[in-house]
Amino acid sequence: MIVVTGATGNVGREVVRLLVDGGEQVRALTRDPATATVPPGAEAVAGDLTDPSSLAPVLAGAEALFLLSGYAPEVFAEAQKAGVRRVVLMSGGSAETGDRTNAVARYMIDTEDALRASGLAWTMVRPRMFMTNTFQWLPMINAGAVRAPWPDVPAAVVDPADIAAVAAKALVSADHEGRVYPVTGPEALRPGDRVRILGEVLGREIRYEAQPDDEARAEMLAQMPEQYVDAFFSFYSGGKLDEATVFPSVEEVTGRPPRTFADWARANAARFR
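Let me begin by describing the structure that accompanies this report. Owing to the predicted nature of the structure, the values given are computational and were not obtained by experimental measurement. (Residues numbered from 1 in each chain as written. Predicted model: local features only at pLDDT ≥ 70, side-chain atom pairs only at ≥ 80, totals over all residues. Heavy atoms only, no water.)

**Some words on the packing of aromatic side chains**
Aromatic ring pairs are reported here in terms of the distance separating the ring centres and the angle at which the planes meet.
Here's step 1: Overall, the coordinates contain eight aromatic pairs when judged by the stated rule.
Here's step 2: Ring centres of Phe135 and Trp264 lie 5.2 Å apart, and the angle between their planes is 55 degrees; this geometry places the pair in the tilted category. Within this pair, whereas Phe135 is found in the loop between strand E6 (121-127) and helix H5 (138-143), its partner Trp264 is found in helix H11 (residues 261-267), the two being separated by 129 residues in sequence. The burial state of Phe135 is the same as that of Trp264; both residues are buried.
Here's step 3: Clustering of aromatic rings is evident, with ring pairs tying together Trp150, Phe232, Phe233, Phe235 and Tyr236.
Here's step 4: Between Arg217 and the ring centre of Phe233, over which it is positioned, the NZ or CZ distance is 5.7 Å.
Here's step 5: The ring of Phe135 carries Arg271 above its face, with NZ or CZ at 3.8 Å from the centroid. (Phe/Tyr/Trp six-rings, centres within 6.5 Å; stacked < 30°, edge-to-face > 60°. Helix = DSSP H or I, 4+ residues; strand = E, 2+ residues; numbered from the N terminus. Buried < 20%, exposed > 50% of the residue type's maximum accessible area, 1.4 Å probe, protein only. Lys NZ or Arg CZ within 6 Å of the ring centre and 35° of its normal.)

**Looking at the pattern of salt bridges**
Here's step 1: With the rule as written, the count across this model stands at 23 salt bridges.
Here's step 2: In this structure, Arg100 engages Asp110 in a salt bridge whose closest nitrogen and oxygen atoms are separated by 2.8 Å. Of this pair, Arg100 sits in the loop between strand E5 (86-90) and helix H4 (103-117) while Asp110 sits in helix H4; the two residues are ten residues apart in sequence, bridging distant segments of the chain.
Here's step 3: Taking relative accessible area as the criterion, Arg100 reaches 39% and is therefore assigned partly exposed.
Here's step 4: What makes Asp110 partly exposed here is its relative accessible area of 36%. (Salt bridge = Lys/Arg side-chain N within 4 Å of Asp/Glu carboxyl O.)

**Some points on the environment of Leu59**
Here's step 1: Its place among the elements puts Leu59 in helix H2 (residues 56-59).
Here's step 2: Taking C-alpha positions, Leu59 is 8.5 Å from Ile2, a pair spaced 57 residues apart along the chain.
Here's step 3: Leave out the neighbours within four places in its chain, and Leu59 touches Val3, Arg27, Leu65, Glu78, Ala79, Ala82 and Val84. (Contact = heavy atoms within 4.5 Å.)

**Overview of unusual backbone geometry**
For residues that are not glycine, phi is negative in most cases, and the peptide bond is trans in most cases.
Here's step 1: Within the chain, Trp150 stands out as a residue other than glycine whose phi angle is a positive 60 degrees.
Here's step 2: Here Trp150 is to be found in the loop between strand E7 (145-148) and helix H6 (160-172).

**Observations regarding the packing of H4 against helix H9 (residues 226-236)**
Here's step 1: Direction vectors running N to C along H4 and H9 enclose 95 degrees, while the axes themselves pass 7 Å from each other. One element, H4, and the other, H9, form an angle in the roughly perpendicular class. Seen from H4, the contacting residues are Ala103, Val104, Ala105, Arg106 and Tyr107; seen from H9, they are Gln227, Tyr228, Ala231, Phe232 and Phe235.
Here's step 2: The residue inventory of the contact of H4 with H9, partitioned by class, reads eight nonpolar, one polar and one charged. (Axes fitted to C-alpha atoms, helices over the stretch in contact; angles between N-to-C directions. Parallel < 35°, antiparallel > 145°, perpendicular 65-115°, else oblique. Nonpolar A, V, L, I, M, F, W, Y, C, P; charged D, E, K, R; others polar.)

**So, the sheet that holds strand E8 (residues 179-183)**
Here's step 1: Overall, parallel pairing links the seven strands, which are arranged E3-E2-E1-E4-E5-E6-E8 in an open sheet. Bordering the open sheet on either side are strand E3 (43-46) and E8, each of which pairs with just one other strand. Strand after strand, the sheet turns through a mean of 20 degrees between neighbouring axes, direction not considered.
Here's step 2: The pairing of strand E1 (residues 2-4) with strand E4 (residues 64-68) spans three bridges and is classified as parallel. Residue pairing in the sheet places Val4 in a bridge with Phe66 of E4.
Here's step 3: Each of E5, E6 and E8 is contacted by H4, which is oriented at about 160 degrees to E6, the strand it contacts most.
Here's step 4: Docked against the sheet, H6 engages E1, E4, E5, E6 and E8, running at close to 165 degrees with respect to E5. (Pairing = 2+ DSSP bridges.)

Here is the structure:
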C-alpha cells in the first residue's frame, strides 16, 4: 500500500496513475473524497496534512508515502507509528541554496531536514520550474501577446508527468533510498523561447513582451504574501536560484529522456485553443 498526498495535483495525480498502472495498491489523500477525481483503481481517502493526527487511519498498513514539502514534522512521526518504511518528498531546487532567509527555500529545507532526522528511509525529488506554469499565461496567449518578467532567465522547465515518473519509481524500490534527484526537462528555455515554441505548436503568432520588475512585483503582491514575492525576486532578479542546469535524473531513473516543452505543448494544445 502506498499513500499519495496532493493526489489531485499536477504531480500527485500522475503518481497515482503510474502506481495503479503498475499494479500497486494506492490511497489517494484528499480533503473531500466525495468530490475528488482520482484515477480509477485508487482509493480516495480523507485526511488533513495540517492535522497529522488525522492521518493515522490513512497511513495504517502503508509501505510508502509521497509527500509535498511544507508540512509539520509530526507527519513523519505519524508515518513511523503506522509502520511506513519510506517517504518520497517532493521538494524543490531552492532547497540546495541552504538559504533560510528565503521564505520558499526555508520551508523546503526545513521539511527535508525533518525527514532526514525522522529515521524513515527517504528520497528527495527536487523539480525545477513546471511546464504547467504556462497555463497562467492562457488569457494573454489567447490575446496574442504574453507579458511576463525575467526575459533573460532560462529554466530547464519540466513536465510534471516526468516528476511523477521519478517519484513513482522511488516509491516502489529501495534502490532510490538516500538519493537526491534534481529533476529537469532536457533544455533551458527563456520565457520568450517558451512563447515562441507554443506559437509554433498552435500555428499562430504569439508575441513575448518583457514585463518590468516593478510591474511584475505589483501583480504578484496582489496574489501572494510579500515574503513569497521577495523569495521569487531573490531567485530570478537576484540570481540566487539556478534553474538552467539540465540534470539527467529523469533518464537515469526511468530509462527514457524527459519530455521537451514542445512535446508538452503538443499534448496540451487543446487547452490553449
